[in-house]
Each structure stands twice: as structure tokens, then as C-alpha cells.
Amino acid sequence: MKSKNIRNWVLSAVGILILIMAGYAVYDVLEGKDGKREQAGHQGGHSEMPGMDHGNKHGEHDGHSSGDLAKSEVKPSVSYKDGVISIQLKDQKGRPFDELEVNHEKLMHFILVSEDLKQYNHLHPQKTSKGSFEVKHSLQPGTYNAFVDIKPKNKAYAVAPLKIEAGSHGNHTHQPELKADTTFSKTIDGHKVSLTPKEFKAGQPVTLQFSMGDAKPEPYLGARGHVVVLDHTGEKYVHVHPSTPEDTKFETEFEEPGLYKLWAEFKINGKVITYPFIIEVKK
């Protein structure tokens, strides 16, 4: 009888041990799935798509470039009325969104370029309410491409052109007729700036170097300068900053051959001066 009781006790103990081990196995499986799910969700919240983040090479490091707005988790819209440009930011569910990181001293950089690429403005709208920003700026009649350059917190975002119409349709501007510069030195307000190199090839990294003689650019929006580049259609956009805080060298890459217009902004003697250049990128 005693032997039978011992045998029953052993069998019970083994059964309990098996149940405990099975329970741990199930827990590990569920925990592993949850862990992977949690990790995937975390990575998704910080995901980066080509051309969306701060990039000197169309999406890397320190600047912004154009991308597929359809993949953005933040949707901007713009409108213009009575000398005021209004910008609305909404999330994927259509709710106002304004969880933005300060990027080069501003929550929003708003680049506005006329369709013919002759007028260029770098503006900084102010927040008026959740997801809403405004800036006063009178526009000449015409069609403009607007680029809402922001850095949403934990959201994917791609800069893409948004149209603004000002004035009557009969006064609208037209597609640009670009002609590549043959001289890469410009003098504005008595300050000369020279750009090197003078030849550009598609698909190859390039360093845009600007020299100003004895003049030294002052810090402007957290950098020694800013460069915005658009292709000949005025739609492919890249905004780059210097390679280091103390120089005026900008690293980028032109993916396709063609004509591009760039605007280099420098603050000299307290004044921001914009130098335009038209370059031809060859195969």
C-alpha cells in the first residue's frame, strides 16, 4: 500500500512538473510574439522612408528631400487669401497634428517657389492653433509650388510640392525655361559668392562648396548656410545644410541628369542674401 502511495505521489509530481513546463513554453511563445509585435510597432513609429528624412544625399543626415506624399503619416495642405498663407497638418485619421520637433531653430520651414522658378521665398509660419500655421506674405499673381518642410515626432513624412494659386488664371506663370549658368560667381549687395565644382554628374556624390573671399557667413537658423535645390519641373526638392557647423560645404547627389536650380542662403553682416545658380547635371 505504501509503495502504491509513493508511486501515485511520483506520478502526480511528474504530472505537475509537465504542466509547469508546458505553461512556461506557452508563455515564452506568447511573450516572443508580443515582443516582436512591440518591437515592430516601435520601429514602425520611427520608420524612415527614402527621401523623407534629413539628408544631404536626398534623404540622409541633415536636410530634407522630396518623396512620396502618399506614404506620409502627416498630410499638409495650403491655401492663400488676402496676403496670408495658411497651412493645415493632419494625421492619417484626419485629425489636426502638430507634434513637431524643432529643426534648425524652427518648427516649420516653408519654401515657396513660383512655377517659373524666378521667385523664391524661405518663410517660417507661426502656429495659430493645433495643426494650423500661418504666415503673412503677399503673392504676385501666378502659380507657386509650396514645400512644407517639417520634422514630425515619430511619424514618417515626405516633402512634396503643393500648389498655391494667386490672382486670376490669366496671369499665371508658366513652366520654367532654364539655361545653365556659364559663370559660377554671383555678386549681390556687394558680396561675391563662387560655387565649385563647375561640372556635375548624375549618380555621383558631390560637395557644393561656396567661397566668399574675406566675408564669413554668420550663423543662420543653426547653420552657416542653407541650400535648396529643385529640378527643372520645380517638383523634386532637396534642402541641405553644411557638412559641419563651421563651413559652407554641402554634400548631396543628383540622381538624374538635367537642369537644376539651386538657391544658396547666407547671412552676411546681419542680412540674409540668397544666391541663385542654374546647373546642368550630365550623365
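Residue numbers run consecutively from 1 along every chain, following the written order of its sequence. Per-residue local features of the predicted model are confined to residues with pLDDT of at least 70, and side-chain atom pairs are confined, for both listing and counting, to 80 or more; whole-chain, interface and lining totals are unaffected and use all residues. The side-chain figures draw on all heavy atoms in the structure; neither hydrogens nor water molecules are used.

Peer 1: Account for the overall build of the protein chain, with residues named and values stated.
Peer 2: Tallying secondary structure elements over the protein chain gives 1 helix and 18 strands in all. For every residue, the accessible area (1.4 Å probe, protein chains only) is compared with the maximum for its type, and the residue is labelled buried under 20%, exposed over 50%, or partly exposed between those bounds. Classification of the 283 residues of the protein chain by burial places 43% in the buried group. Whether two residues are in contact is decided by their heavy atoms: any pair within 4.5 Å suffices. In the protein chain, of all internal contacts separated by at least 6 residues, the share reaching a separation of at least 24 is 62%. Helix and strand definitions here come from DSSP, where helices need a minimum of 4 consecutive H or I residues and strands a minimum of 2 consecutive E residues; each element is numbered from the N-terminal end.

Peer 1: So what's going on with the pairing of strand β18 (residues 271-282)? Which residues, and what values?
Peer 2: In this sheet, β18 lies alongside strand β12 (residues 200-201) in parallel orientation, the contact comprising 2 bridges. Each residue of the ladder has a partner; that of Lys 201, found in β18, is Lys 282. In this description, strands pair whenever DSSP reports at least two bridges between them. Sheet analysis places strand β17 (residues 258-268) next to β18, joined by 11 bridges and oriented antiparallel. Each residue of the ladder has a partner; that of Ala 264, found in β18, is Tyr 275. Turn length for the β17-β18 hairpin, with the two strands adjacent in sequence and antiparallel, is 2 residues, and the turn residue Asn 269 shows positive phi of about 55°.

Peer 1: Before we move on, can you summarise the packing of aromatic side chains with the specific residues and values?
Peer 2: Ring pairs shown here join Phe, Tyr and Trp side chains whose ring centres sit within 6.5 Å, with only the six-membered ring taken for Trp; geometry is labelled stacked below 30 degrees between planes, edge-to-face above 60, and tilted in between. All told, the structure shown has 10 aromatic pairs when counted by the stated rule. Ring centres 5.6 Å apart and planes at 85° place the aromatic pair Phe 210 and Phe 250 in the edge-to-face group. With Phe 210 in strand β13 (residues 205-211) and Phe 250 in strand β16 (residues 249-253), the pair connects residues that are 40 residues apart, well separated along the chain. Ring centres of Phe 210 and Phe 277 lie 6.2 Å apart, and the angle between their planes is 55°; on these two criteria the pair is classed as tilted.

Peer 1: Describe the sheet that holds strand β9 (residues 162-166), listing the residues and the values that go with them.
Peer 2: Read across the sheet, 4 strands follow the order β5-β4-β8-β9 without closing on themselves; strand pairing throughout is antiparallel. A single partner strand is all that each edge strand has here, and the edge strands are β5 (120-123) and β9. On average, adjacent strands in this sheet sit at an angle of 25° to one another, irrespective of strand direction. Sheet analysis places strand β4 (residues 108-114) next to β5, joined by 4 bridges and oriented antiparallel. Each axis is a line fitted through C-alpha atoms, taken for helices only over the stretch in contact, and angles between the N-to-C directions span 0 to 180 degrees.

Peer 1: Requested: an account of the pattern of salt bridges, with residues and values cited.
Peer 2: One speaks of a salt bridge when a side-chain nitrogen belonging to Lys or Arg is within 4 Å of a carboxyl oxygen belonging to Asp or Glu. Applying the stated criterion across every chain, the model contains 7 salt bridges. Put simply, Asp 189 and Lys 271 hold a salt bridge, and the shortest N to O gap is 2.7 Å. Taken together, the residues Asp 189 in the loop between β10 (185-188) and β11 (191-196) and Lys 271 in strand β18 connect sequence positions 82 residues apart. The exposure class of Asp 189 is partly exposed, given its relative accessible area of 46%.

Peer 1: Describe the side chain of Ser 86, with residues and values.
Peer 2: Mapped onto the elements, Ser 86 comes out in strand β3 (residues 84-91). Ignoring anything within four residues of it in the chain, the contact list for Ser 86 reads Ser 77, Val 78, Ser 79, Phe 133 and Glu 134.

Peer 1: Describe in detail the sheet that holds β13, supporting the description with residues and values.
Peer 2: Taken together, 4 strands build an open sheet; the order of strands is β10-β11-β13-β16 and the sheet is antiparallel. Since the sheet does not close on itself, it has two edges, and those belong to β10 and β16, each with one partner. Each strand axis lies, on average, 25° off the axis of its neighbour in the sheet, ignoring direction.

Peer 1: Describe the pairing of β10, naming the residues involved and giving the relevant values.
Peer 2: In this sheet, β11 lies alongside β10 in antiparallel orientation, the contact comprising 4 bridges. For Ile 188, the partnering residue across the bridge sits in β11 and is His 191. The antiparallel hairpin formed by β10 and β11 contains 2 residues in its connecting segment, where Asp 189 sits at a positive phi of about 55°.

Peer 1: Before we move on, can you summarise the nonpolar core with the specific residues and values?
Peer 2: Counting residues in hydrophobic clusters, the biggest one holds 34 residues, and the most contacted among them are Ile 87, Leu 89, Phe 110, Val 148 and Ile 164. What Val 148 contacts, discounting residues up to four positions off in sequence, is Pro 76, Val 78, Ile 87, Leu 89, Met 108, His 109, Phe 110, Tyr 157, Val 159 and Leu 162. In this structure, Leu 208, Val 238, Phe 250 and Phe 277 belong to the second largest nonpolar core, which totals 25 residues. Take the buried residues of types Ala, Val, Leu, Ile, Met, Phe, Trp, Tyr and Cys, join any two whose side-chain atoms come within 4.5 Å, and each joined set is a nonpolar core.

Peer 1: Report on the confidence of the model for the protein chain, specifying residues and quantitative values.
Peer 2: Looking at the protein chain as a whole, its pLDDT mean stands at 81, while 73% of the residues score no less than 70. pLDDT is a residue-level measure of predictor confidence that goes from 0 to 100. Confidence over residues 1-6 falls short of pLDDT 50; this stretch has 0 contacts with residues more than four positions distant or in other chains. Confidence drops under pLDDT 50 across residues 16-20; counting only partners more than four residues distant or on other chains, this segment forms 0 contacts.

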